[in-house]
Structures are given as C-alpha cells and as structure tokens.
Amino acid sequence: MSVLCRDCGALATATAVPQRCGECASPRLVAHDELAELSIAHIDCDAFYATIEKRDRPELAGLPVIVGGGRRGVVLACCYIARLYGVHSAMPMFKALAACPQAVVIRPDMAKYREVGRAVRAEMQRLTPLVEPLSIDEAFLDLGGTARLHGAAPAQLLAALARRVEHTLGITASIGLSYNKFLAKIASDLDKPRGFAVIGRAEAARFLADKPVGLLWGVGAAMQRRLAADGIAVIGQLRAVDERELALRYGRIGRRLARLARAEDDRAVEPFSATQSISAETTFGRDEADAEALRRELWPLCEKVAERLRQAALAAGTVNLKLKTADFRIRTRSHRLADPTQLADHLFETAARLLAGEADGTTKFRLIGVGADRLVEAEAADLPTLFDHEAGGPRRLAAAIEEIRARHGDAAVRRGRGLRPASS
Amino acid sequence: MKLTIERAALLKALSHVQSVVERRTTIPILSNVLLSGDGGTLALSATDMDLEIVERVPARIEQGGRTTVSAHTLYDIVRKLHEGAQVELDTIPERNEMVLRSGRSTFTLACLPPEDYPVMSTGELPHHFVLSAAELRGLIDRTRFAISTEETRYYLNGIYLHATKNNEVPVLRAVATDGHRLARVEMTAPEGAAGMPGVIIPRKTVLELRKLVDEGDDEIQVSLGDTKIRCSVGQAALTSKLIDGTFPDYDRVIPANNDKILDVECKPFAEAVDRVATISTERSRAVKLTIERGSLTVSAASPENGTAVEEIEARYQSSPIEIGFNSRYLLDITEQIDGEFAQFAMADAASPTIVRDSNDTTALYVLMPMRV
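Bear in mind that the values here come from a model prediction, so they are computed numbers and not experimental data.

Caption draft 1: Geometry of the packing of aromatic side chains. All told, the structure shown has 10 aromatic pairs over all chains when counted by the stated rule. Judged by centre distance (6.4 Å) and plane angle (70°), the rings of B:Tyr160 and B:Tyr250 are edge-to-face. Of this pair, B:Tyr160 sits in strand β11 (residues 158–166) while B:Tyr250 sits in the loop between β17 (236–241) and β18 (260–265), and the two are 90 residues apart along the sequence. Each member of the pair, B:Tyr160 together with B:Tyr250, is buried. The interplanar angle of 75° and the centroid separation of 5.4 Å between the aromatic rings of B:Phe269 and B:Phe344 together place this pair among those described as edge-to-face. A residue pair is termed long-range when its members are at least 10 positions apart, and B:Phe269 in helix α5 (residues 266–277) and B:Phe344 in strand β24 (residues 341–346) qualify at 75 residues. Using a relative accessible area of 1% as the deciding quantity, one classes B:Phe344 as buried. Site record: aromatic cluster; members linked through ring pairs are A:Phe48, A:Tyr49 and A:Tyr113.

Written as structure tokens, this is what we have:
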C-alpha cells in the first residue's frame, strides 16, 4: 500500500502501516492501497468562521466560540470546543447559549471571511483550474492528470495545500480524497478537523453498506421517510434492489439512488456552476406582526437581491418570500413572474403582494427573506414595453441609480419606501 | 328536495358552473354547487366570490328545496353515468346528505347548508345592451391573448370594454394589453351601450363567458354598472365583479405615423415564423424580420441551437428595415387574422409596430419589437 506523510509529503510504499514517517518521524500518516491514484478531492475548512476568529484572538484558543447574530440569530459557526457542548451550526442562538452558557459569541465579519475564503480558493487554483466551489469555505478539486505537471501525486499536493493554508492563513481544513465527488465529500467529513480521509474503489461499496441512506447526495428528510416506508434504511439495502425497480418506484431519483448506492457518481467537477438562486434575509431584533413594518423590512432585501442579480447578469423568473414565525415555523410563498425581472421595484411589488397574504397583523414573525430563482439571463428581462419605451423603460432608471451610487455611494439615492417613519 | 332530471341536461349545466369553482379554496362551501329545485326547474349556482354562474335546467320536481354538494364530485359522477340516463336527486336534511340514484348506482353525498351559500349582491346595473354570440366571440377571441397575467399589474388582468367613437361612429370597444402587445377590437355600438362606464372584465370571467357562448347563436343580454357585470345566455346567467382599477390610456401607445408598410400573406408568414422560431432560445423566442423592397426574410439565431432563415414574398416599398419580435406574440396575432393578408405598419426597430387584418378594419394589434 501507499503511505503518505502529511507533514513532510513523503509518499512511500509499505506492506504494513508504519507508526511514523520514515523521513521525518511524524505520526500523521495516511495509508491506502489506491492513495497514489485517486484524484477527486473535497476540501472543507474546519469551523471556518470560528477558526478565523480564534486565529485573530489567540486568547480565545481554549474557549468555546460561537459566531452568530445576537441572541435572536442562529449559530453560523462554532468551534470544536463549543461542539462538545452540543452546539452546532444553524442552531438558534438561544438554544446554543442554553447548552453552552460560557461560550464567547462573536458577530460575524463576512468581509473578513470572504477574504480568507478567496485566499483558500486561490491556493486551490494553483493546483488545478478544475475547482468547483460549493460555498465560501469548501470546494471540489479534480486533480486528474496533474501529477506530471506538479511532479507529485494528488494526495501529496493536497497534503501540501492543507499545510500551506495552515501556515499562511492560520486555519485548518479537512480533505476527502476519492474517485468521485459524492465519495470525496463524504470522506472529508470522516476525519474532521484537520483530517485527511480516503475512500478507494475497492472498499467504497462495503464502506457505504451500513451507512444510513441520508448520507447519499440528494436524499433529504422526505426521501428518507419514503425509503424507510419501503423498508430501506441503510445504503446496503438500497443496493440490493434492482435499478429498474428503483426507477419504477421513485422515478428519476430512483436511478440516481441505485448508482450512488453502487458508489457510482459520474458528475464532473464543474468550475463554473450556474447560480440557481439568489436570496437575502434578515432576522428582526424583536418579533414583528405589523404589516407595514414587515413591508419596510422587505425593501432593503429586494435591493440587495436586485444588486446581486445585476452583478451576476441574471434576472428572477420566480420571486420567493420566506417568513419564519415567532414559533419557528417557516412559510414560503412564491410567484412565477410573467416577465422576468432584475429590478428591485418589481421584486418588491411581487414580494409585497405575497406578504400581504401572510401578514395579518397578529401573527408574529422573527425573520423575513426574499429570493429569486428560475434565473434567466438579464438580456431577456425588463424589456421596454409599449408604455415606457420612450422613457427608456425601468432599466434606464435602474442604470441611472446605479451610476449615481457608483459615483457618490449607496446612500446618495434612496427610495422613499426605504425610509422609516420618524419616531415620535 | 326531490327531483328527476336527464343526465345530459344536468351534465351540460354542471360543466358550465363547476369550472367557476376553484380547486383549492379555504372556505369549504365555495367547493360546492348550490342546487335549488322549484317549479319545473333546477337551478345550479357556483361562485368564487368574484364570479357567479347560475344555470337553470328543466327537471321533474317532486318536492322543492335547496342544498349544496361538492361541485367537482357531482360533476365527476354525472359525467360517468350512462348516456341517456335519468338522475334522481333526493335530499335527507336531517342527515345533511343528498342521495343520487341513476340506474343501478346510488351515491350518498355530504351537504352543507344552503343558507350559508354566499350570494352575490349586484346592486343597480343601469346599462343594458344585447350582443350576438358571434359578436361576443369576436370581441373576446381577438383580445384575450393579450391579457396580462402579471398580478402586480392587476388593472391589466382583464379586457377593457368601453363605448367610444371611431370617426364619429359610436363603437363598443374591447382592449387588452400586457405591455408587450395590445389588441383593440371594436364593433358598432349596440343600442344601450352609449353612456356605459369603461369596465375591466377579469380574465377568469372572460374565459368562463367564452365557454358559455362556445356553441349556438344565442343572444347575450349584458347588464353592467360601475362594479359588476351580468351576462345572460339562454338559461345561464354569469355575474362578475369588475376589476377596480384604471386601464391605461392605450391611445397613447398606438402610433399614428408609422409609414413603413409591409403586406404579407398571413398563413405562409405565420408558418415561416413558426418554423424559424424552432431555433430561437426558449426565453426570448426572438425572430428577426429583414425587410427590403419586395422581400421579407425571417431568421433566428441562438448560440446553442444554430441558425434558421426563410424568405417569403411580401409587398414593401419603403427603405429597408431589420426588426425583431417575440415569435409567440407574432403567432398570437396572426392566429386572429382571418383575411388573406396581414399588414405591418412600422416606424423603426425600437418603436411599436401596428398589425392589421387586410379584410377586417375592426381589429388592430400593436406589438413592441425586441432587440435582436
């Protein structure tokens, strides 16, 4: 088998797993029969936001740290010490603080995280152009065919990447290495934090057999329930069912399940994956029931979504409204537009109509969000109409506002509907 | 209530009223049809609170009365009964049920109390006029395709019907637009139309009304006020709220000085557009018309699919022009043109174009070009 030292990068062959590296005596070894051949990787930074905060404030090193928005927000990230108390990301803040009252809570500094995320991505792109970002802190890499260029096997390059990120950026990442995306993603989770896990062709099916079906890509709670109703709880049981039978029972996803259960996934690593949706949301400082107040919260979100649509040269085909009630029930309402739009005004008019059906003046909400999906190219959106073509259409107004803001700052031009009534 | 009625008569009436009933409604009784047996007729009513249809059919009434049952269930049952069957309806008020018997079949249906059934109050409907079914079909068919579906522009979600004058001749005019195209159709004003308010008839009402005049040549009695309209066709009466809004000043968008005139045989043109549009992208559906003296080329290009070009004969005397349109909008209009020729009056590639039927001066269409 091949043995990789994650500290010095030496790749050796051995018949049994040694205790320490023959070159540098480090105990951080990865051993696997296929280690020298596998080339699809998933890299995931460990507790990304929390790790960055700990890096910048060394006095927090031994303390539980939670990054999130105030008492009423949710946990965006938490360090591994906080996780010992049962805190996990996406947990409501008050629950997290109940579980771990001594946690240090830090307000997120997205600009800082984005910058670190970009630096990590730049490191990845030094190895291969085939980097498919999944979020700010994780990505798939296809290192196939790079061995000769770099003079090292993918596994060595990845170990070196993790070391570089640790030394230059002061954060750690976990690496999953396999022969397809779905297994690489599972692998990166196996040895967290600061991990390096490998799933090879030889053991993939065996490895999956006793894992719950929820581990499979695309199997959420609803699909898990459906499968459970048919007596399928683990991946091995799924594998025992004929592919045609699964396709008959569950349609197209059935066929995919059959393949994934056999550890097959032929999705390529796509460096330019198309944006599926764009959204913005906000959690209120205090639960809000007033329809007019809710409407006011909607406008800046629409402006934000419109701005991001503009940057991506996309337009919304569907507008989604998301509300979370004071008792944490999520309501989503959506409207398919007759004409796709990129403009904050149209997003707002549509979202406000959806909101009017929900805001009854008594139901209290803690969160509101606006999203755009069924995205189309901006070219096809907001075309001049019979009624506005002489004035240049709404596009021209939006372009003019954008220009003024670019020159004089975002606050230079604002809509009246964004203003709050003067408090008496 | 106990009565016997022919399946065919019941089915026809139900098919008219049940389509008003929304599939999903939060008020249970709105899923139901109100049945009222009285004298020699059964009246069936359905409503969605904005639109109500009442249809009367002859029936043998043993005992008068009223009840409400699920409209779609009743319709589905009657649809599946044997042709030519007799249907017996018998209410059992103490159990809130209605029994339906036909041949060897017996159904027991749950009822809701008829007193709870919402009735649409019409108030005063001071304006009356009469249209033939063909006239009404003409007004609806040539405008409904242009009705906007964008709910935020609610005042465009219907047909604007109003009385006006065209060259001093009083006309009844229907206009619909979604901002990309506009359809304006008129007829000589029937007696009683003068002085009526301009009203916006909601899309759903338009479509239901169209079903009522689908066949036959009944007269349609129209009554309207500022907020409601009622149309009576044979034994059916449709009452609807009107859209409370201001229809935009459409005259403003109908260009007066478009002097580039293209005459093209409508059917071959529509076929060419349809063929060429196969190539254009799903979203834009754009086709380009390249027009020179005596020739018209329809073309489309898409980065994914490739290109398509087709040349057809046309009469054109002005300076050459290239202009793009949404092919679906073009086809929607050519479909309404019965005459041999369609006439395009253009100004330039960025300004509204007028389309007319060579054989029909009562209809006019305006189309916003798109950049290609």
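That was the structure; now back to the text.
Caption draft 2: Layout of unusual backbone geometry. Backbone torsion omega between A:Lys192 and A:Pro193 reads -10°, so that peptide bond is classified as cis. Topologically, A:Pro193 is positioned in the loop between α7 (181–188) and β11 (196–198). In this structure, A:Ala90 is a non-glycine residue whose phi angle is positive, near 75°. For B:Asn96, which is not glycine, the phi torsion reads 55° and is therefore positive. Relative to the helices and strands, B:Asn96 is located in the loop between β7 (86–92) and β8 (97–102).

Caption draft 3: Geometry of the nonpolar core. Of all hydrophobic cores here, the largest spans 104 residues; its most connected members are B:Leu35, B:Leu42, B:Leu44, B:Leu74, B:Phe269 and B:Leu296. Here this core gets 7 residues from one element, more than from any other, and that element is α5(B). One finds A:Val116, A:Val120, A:Leu157 and A:Leu238 within the second-largest nonpolar core, a separate group that totals 79 residues.

Caption draft 4: The arrangement of the interface of chain A and chain B in detail. At the junction of the two partners, chain A supplies 19 residues and chain B supplies 24 residues. When the two sides are added together, the surface that chain A and chain B hide from each other amounts to roughly 1800 Å², 58% of it contributed by carbon and sulfur. At the junction of chain A with chain B, the criterion picks out 2 salt bridges. Residues B:Arg153 and A:Glu349 are paired through a salt bridge, measuring 3.0 Å at the closest nitrogen-oxygen approach. Our count for the chain A to chain B interface comes out at 7 residue pairs in polar contact (both at pLDDT 80 or more). Sorting the residues of the side of chain A that touches chain B by element identifies β14 (330–341) and α14 (344–356) of chain A as the ones contributing at least two each. Ranked by residues supplied to the side of chain A that touches chain B, first place goes to β14(A) with 5 residues.

Caption draft 5: Quick peek at the pattern of salt bridges. Residue and element names in this part refer to chain A. By the definition in use, this model includes 48 salt bridges over all chains. Of the charged contacts, one joins glutamate 243 and arginine 262 as a salt bridge, the two residues approaching to 3.1 Å between their closest N and O atoms. Pair noted here: glutamate 243 is in helix α11 (residues 243–250) and arginine 262 is in the loop between α12 (252–261) and β12 (278–288), with a separation of 19 residues, a long-range link. For glutamate 243, a relative accessible area of 16% translates into the label buried. Residue arginine 262 is classed as partly exposed on the basis of its relative accessible area, which comes to 28%.

Caption draft 6: Spotlight on the pairing of strand β2 (residues 32–38) of chain B. Residues and elements named next belong to chain B. Among the 7 residues of β2, 6 are classified as buried, and the element is accordingly described as predominantly covered. Bridging between β2 and strand β6 (residues 65–70) involves 6 bridges; their strand directions are antiparallel. Note on β6: the bridge partner recorded for valine 33 is valine 69. Sheet topology places β2 next to strand β3 (residues 41–47); 5 bridges connect them, and they run antiparallel. Across the sheet, serine 36 pairs through a bridge with alanine 43, a residue of β3. Between the end of β2 and the start of β3, which pair antiparallel, lie 2 residues, with glycine 39 showing a positive phi angle near 60°.

Caption draft 7: Structural view of the packing of helix α1 (residues 48–56) of chain A against helix α4 (residues 110–127) of chain A. Residues and elements named next belong to chain A. Axis separation between α1 and α4 bottoms out at 10 Å; the angle between their running directions is 100°. Put simply, α1 runs roughly perpendicular to α4. Here Phe48, Tyr49, Ile52, Glu53, Arg55 and Asp56 of α1 lie close against α4, whose contacting residues are Met110, Lys112, Tyr113, Val116 and Gly117. For the contact of α1 with α4, the per-class residue count stands at 6 nonpolar, 1 polar and 4 charged.

Caption draft 8: The arrangement of the sheet that holds strand β1 (residues 2–5) of chain A in detail. All names here are of chain A. Taken together, the 3 strands give an open sheet; going across it, the order is β2-β1-β3, and neighbouring strands pair in antiparallel fashion. The strands lining the two open edges of the sheet, one partner per strand, are β2 (11–13) and β3 (29–32). Each strand axis lies, on average, 25° off the axis of its neighbour in the sheet, ignoring direction. One ladder, built from 3 bridges, connects β1 with β2; its direction is antiparallel. Bridge pairing in β2 links valine 3 to alanine 12.

Caption draft 9: Representation of the side chain of B:Gln336 within the structure. Positionally, B:Gln336 belongs in helix α6 (residues 327–336). Residue contacts for B:Gln336: discarding those within four places in its chain leaves B:Asp141, B:Arg142, B:Phe145, B:Asp357 and B:Tyr365.

Caption draft 10: Inspection of the environment of A:Asn320 at higher detail. Residues and elements named next belong to chain A. Among the structural elements, asparagine 320 can be located in strand β13 (residues 314–325). As for asparagine 320 and serine 334, which are separated by 14 residues in sequence, their C-alpha atoms are 4.2 Å apart. Excluding its chain neighbours within four sequence positions, the residues that come into contact with asparagine 320 are Arg333, Ser334, Gly369, Val370, Gly371 and Asp373. Side chain to side chain, asparagine 320 and aspartate 373 meet in a polar contact 3.0 Å long.

Caption draft 11: Structural context of the environment of B:Ile291. Residue and element names in this part refer to chain B. Topologically, isoleucine 291 is positioned in strand β19 (residues 286–292). Taking the C-alpha atoms as reference, isoleucine 291 lies 9.6 Å from arginine 315; in sequence the two are 24 residues apart. Those residues in contact with isoleucine 291 that lie beyond four places of it in its chain are Leu262, Leu296, Tyr316, Pro320, Ile321, Ile323 and Met346.

Caption draft 12: Layout of a negative patch on the surface. Negative charge collects at one region of the surface, where B:Glu215, B:Asp217, B:Asp218 and B:Glu219 lie side by side. Along the chain, B:Asp217 turns up in the loop between α4 (203–212) and β15 (219–224).

Parameters and conventions
Residues numbered from 1 in each chain as written. Chains lettered and ligands numbered in written order. Predicted model: local features only at pLDDT ≥ 70, side-chain atom pairs only at ≥ 80, totals over all residues. Heavy atoms only, no water. Phe/Tyr/Trp six-rings, centres within 6.5 Å; stacked < 30°, edge-to-face > 60°. Helix = DSSP H or I, 4+ residues; strand = E, 2+ residues; numbered from the N terminus. Buried < 20%, exposed > 50% of the residue type's maximum accessible area, 1.4 Å probe, protein only. Core = buried A, V, L, I, M, F, W, Y, C linked by side-chain atoms within 4.5 Å. Contact = heavy atoms within 4.5 Å. Buried area = accessible area lost by both parts, 1.4 Å probe. Salt bridge = Lys/Arg side-chain N within 4 Å of Asp/Glu carboxyl O. Polar contact = N/O pair within 3.5 Å; in protein donor to acceptor, adjacent residues only side chain to side chain. Pairing = 2+ DSSP bridges. Axes fitted to C-alpha atoms, helices over the stretch in contact; angles between N-to-C directions. Parallel < 35°, antiparallel > 145°, perpendicular 65-115°, else oblique. Nonpolar A, V, L, I, M, F, W, Y, C, P; charged D, E, K, R; others polar. Patch = residues over 30% accessible without salt bridge, like charges linked within 9 Å, V, L, I, M, F, W, Y side chains within 5 Å. Areas by Shrake-Rupley, 256 points an atom, 1.4 Å probe, with all protein chains shown as cover. Lys, Arg positive; Asp, Glu negative; His and termini not counted. Charge placed at Lys NZ, Arg CZ, Asp CG, Glu CD.

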